[in-house]
Amino acid sequence: MATDVRRVGFVLLPGTHPGAVMPALSVLLSANRMAEQQCYAAENYTLDEVALQSEDGLGLAATPWHAKIEGLAQLWLVADQLSAVDLLSADLLAQLRAVAASGVLLGGLEAGAAALAQAGLLDQHRCAVHWRMLDEFRERFPQVEATTHLFELKDLLGSSSGGHATTDLFLTMVAQEQGHDLAALVAEDLVVERIRDGSERQRMPLRNRLGSSHPKLTQAVILMESNIEEPLTTDEIARHVCVSRRQLERIFKQYLNSVPSQYYLELRLNRARQMLLQTSKSIIQIGLSCGFSSGPHFSSAYRNCFGVTPREDRNHRRAQQAAEGAGKET
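Residues numbered from 1 in each chain as written. Predicted model: local features only at pLDDT ≥ 70, side-chain atom pairs only at ≥ 80, totals over all residues. Heavy atoms only, no water.

Visitor: Where do I start with the packing of helix 8 (residues 215-226) against helix 10 (residues 245-256) in this structure?
Guide: A pair of packed helices is captured by two measures, namely the crossing angle of their axes and the spacing between those axes. Close contact between helix 8 and helix 10 brings their axes to 10 Å; oriented N to C, the two are set at 95°. Relative to helix 10, the element helix 8 is oriented roughly perpendicular. Side by side, helix 8 and helix 10 meet where Lys216, Leu217, Ala220, Val221 and Met224 of the first sit next to Leu248, Ile251, Phe252, Tyr255 and Leu256 of the second. Of the residues assigned to the contact of helix 8 with helix 10, the class counts are 9 nonpolar, no polar and 1 charged. (Axes fitted to C-alpha atoms, helices over the stretch in contact; angles between N-to-C directions. Helix = DSSP H or I, 4+ residues; strand = E, 2+ residues; numbered from the N terminus. Parallel < 35°, antiparallel > 145°, perpendicular 65-115°, else oblique. Contact = heavy atoms within 4.5 Å. Nonpolar A, V, L, I, M, F, W, Y, C, P; charged D, E, K, R; others polar.)

Here it is in structure tokens:
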């Protein structure tokens, strides 16, 4: 039985690797193949060049964005870095607002959702943001409810945290639009074990990240991750997970080749570095929020771990961003 072809547009923002849109395209192409008819027509657009070519040689056919949305069922903004939205024109943001008012499903893949936030379309709405961009996104767009969910899809607004989560999002849409039977066939075609719900979290189970299934170790690390600002002592952690301090140290040594205090310190420092490079909070604020009692204590521990002070690390990152921005303008 013939079905209406749904046109789905993807606008790749400047500097975006073509691979960012591939999970979505794979689902749509598979849906056509499994249905043995064209259910979807995918159209790729670019703002700055006709053909998209990454440095590693991956290419993607695309046409210049012309802002003509007649007949489009969905429009997705695609980016792999938040900085991609810094140079968006007022005209494009106005076009996105017009798309939203037209009844077209509007969404963002990975950092592409930042373009919608820039246009004010996500105010008071939930938006899935990749965990590595979360702090920066929340600081730039405090009016948006940024989540660590795999994806969000509601009220003609969609967002994906990227990667396999985009596959889950588009499989979910195929199920809604074409039926669960076709979505199941597409999942099988793409060797997807199951279609994950959007509300599932991005981060993999702790035991997978640690390479260990030891329950006491998992409990201990969860406690550490939940108590960054006011760190617990090793004795307190051991008491909470119902083992002796010596047992806890032995478990950390066996599975992580570290002691609890060192692992905890590195956890806090990595969290501090993420905040340092993604937010504009002061260095002392970041140090205090990661459990360091003073600026000198934080700076010393940071240098011992990363080889540079927090200020040097931030200044280097800002210089890099300024150079990248100048390169895009030329």
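Visitor: Would you explain the pattern of salt bridges in this entry?
Guide: Side chains bearing opposite charge may pair, as long as their charged atoms lie close to each other. A complete count under the given rule lists 13 salt bridges for this structure. A salt bridge links Arg6 to Glu177; the nearest nitrogen and oxygen atoms lie 3.2 Å apart. Placement of Arg6 in strand 1 (residues 6-12) and of Glu177 in helix 5 (residues 164-178) is noted, with a sequence separation of 171 residues between them. Taking the shortest distance from any N to any O, the salt bridge between Arg140 and Asp86 comes out at 2.7 Å. Within this pair, whereas Arg140 is found in helix 4 (residues 134-140), its partner Asp86 is found in the loop between strand 6 (72-79) and helix 2 (90-101), the two being separated by 54 residues in sequence. (Salt bridge = Lys/Arg side-chain N within 4 Å of Asp/Glu carboxyl O.)

Visitor: What is the right way to read the pairing of strand 2 (residues 40-46) from this model?
Guide: The side chains of a regular strand alternate, residue by residue, between the two faces of the sheet. Among the 7 residues of strand 2, 6 are classified as buried, and the element is accordingly described as predominantly covered. Summarising the sheet, strand 1 and strand 2 pair through 7 bridges and their orientation is parallel. In the sheet register, Phe10 faces strand 2, and the bridge partner there is Asn44. Between the parallel elements strand 1 and strand 2, the chain passes through helix 1 (residues 22-35) in a crossover that is right-handed. (Buried < 20%, exposed > 50% of the residue type's maximum accessible area, 1.4 Å probe, protein only. Pairing = 2+ DSSP bridges. Right-handed = clockwise from strand over helix to strand, strands pointing away.)

Visitor: What should I look at first to understand the sheet that holds strand 10 (residues 151-154) in this one?
Guide: The strands making up a sheet associate through backbone hydrogen bonding, with each pair oriented either parallel or antiparallel. Taken together, the 7 strands give an open sheet; going across it, the order is 5-2-1-6-7-11-10, and neighbouring strands pair in mixed fashion. Two strands close off the open sheet at either side, each with one partner strand: strand 5 (63-64) and strand 10. Relative to the sheet, helix 1 contacts strand 1, strand 2 and strand 7 (105-110), its axis offset from that of strand 2 by approximately 155°.

Visitor: Is there a simple way to think about the packing of aromatic side chains in this case?
Guide: In this description, a pair of aromatic rings is defined by centroid distance and the angle of the planes. By the definition in use, this model includes 8 aromatic pairs. When the ring of Phe10 is compared with that of Phe170, the centres are 6.0 Å apart and the planes differ by 35°; the resulting orientation is tilted. In this pair, Phe10 sits in strand 1 while Phe170 sits in helix 5, placing the two residues 160 residues apart along the sequence. Each of the two residues, Phe10 as well as Phe170, counts as buried. (Phe/Tyr/Trp six-rings, centres within 6.5 Å; stacked < 30°, edge-to-face > 60°.)

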